[in-house]
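Here is how the chains run, residue by residue.
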Amino acid sequence: QVQLVESGGGLVQPGGSLRLSCAASGFTFSSYVMSWYRQAPGKERELVAAITSPTGSTNYADSTKGRFTISRDNAKNTVYLQMNSLKPEDTAVYYCNALGRDYSGNWERYWGQGTQVTVSS
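Computed from a predicted model, the values in this text were never measured in an experiment. (Residues numbered from 1 in each chain as written. Predicted model: local features only at pLDDT ≥ 70, side-chain atom pairs only at ≥ 80, totals over all residues. Heavy atoms only, no water.)

With that settled, consider the nonpolar core. Within the largest apolar cluster, 29 residues are counted, with the highest numbers of intra-cluster contacts made by Met34, Trp36, Leu81 and Tyr94. What Leu81 contacts, discounting residues up to four positions off in sequence, is Leu18, Arg19, Leu20, Trp36, Val48, Ala49, Phe68, Thr69, Ile70 and Tyr94. (Core = buried A, V, L, I, M, F, W, Y, C linked by side-chain atoms within 4.5 Å. Buried < 20%, exposed > 50% of the residue type's maximum accessible area, 1.4 Å probe, protein only. Contact = heavy atoms within 4.5 Å.)

Structure follows, in structure tokens:
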């Protein structure tokens, strides 16, 4: 059974930092592109950052470049999102996402349940 379990969200003041974690199981983590998405109230879900494997190439939304860092630990089946210099507009539910091929060669996309990040004074 595939599971993506996010943690690390919470309330933080503007300018503060948070580190999100996503623990994965039930699929070959090291073969999947891992991403973080977010969805604010009344807005569409958007890509925040993505990281490939094994090269570890990364991609960021323009709004998060220079402030957020995505990383992964394939030995721990975990992907992280370090968020610095947080702004109120970063407030959203953050979702972990996995994209790759299953054992049959079919593309599969998995989602976590989301973790709330609120940036407010």
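This structure, assessed with the given rule, holds six aromatic pairs. Centre to centre, the rings of Phe27 and Phe29 are 6.4 Å apart; their planes meet at 45°, and the pair counts as tilted. Exposure class is identical for Phe27 and Phe29. Each is buried. A connected cluster of aromatic rings, assembled from ring pairs, spans Phe27, Phe29, Tyr32 and Tyr110. Here the guanidinium or amino end of Arg45 rests over the ring plane of Trp111, the centre of that ring lying 4.5 Å away. The ring of Phe29 carries Arg72 above its face, with NZ or CZ at 4.6 Å from the centroid. (Phe/Tyr/Trp six-rings, centres within 6.5 Å; stacked < 30°, edge-to-face > 60°. Lys NZ or Arg CZ within 6 Å of the ring centre and 35° of its normal.)

The subject of this paragraph is the side chain of Arg38. On the secondary structure map, Arg38 appears in strand 4 (residues 33-39). Since its relative accessible area comes to 6%, Arg38 is described here as buried. Side-chain polar atoms of Arg38 contact the side chain of Asp90, separated by 2.9 Å. A polar side-chain atom of Arg38 sits 2.9 Å from a polar atom in the side chain of Tyr94. (Helix = DSSP H or I, 4+ residues; strand = E, 2+ residues; numbered from the N terminus. Polar contact = N/O pair within 3.5 Å; in protein donor to acceptor, adjacent residues only side chain to side chain.)

Here the structure, examined in full by the defined rule, presents one disulfide. Each disulfide pairs two cysteine sulfurs, and for Cys22 the partner residue is Cys96, the sulfurs being separated by 2.1 Å. Taking the torsion about the S-S bond as the criterion, the Cys22 to Cys96 disulfide, at about -80°, is left-handed. Taken together, the residues Cys22 in strand 3 (residues 18-25) and Cys96 in strand 9 (residues 92-101) connect sequence positions 74 residues apart. The exposure class of Cys96 is buried, given its relative accessible area of 0%. (Disulfide = S-S within 2.5 Å.)

Before going further, it helps to examine the side chain of Asn97. Residue position: Asn97 is located in strand 9. Within polar-contact distance, the side chain of Asn97 engages the side chain of Arg109 at 3.0 Å. Setting aside residues no more than four positions away along its own chain, Asn97 makes contact with Leu4, Val33, Met34, Ser35, Tyr37, Arg109, Tyr110 and Trp111.

These figures capture arrangement, not role.
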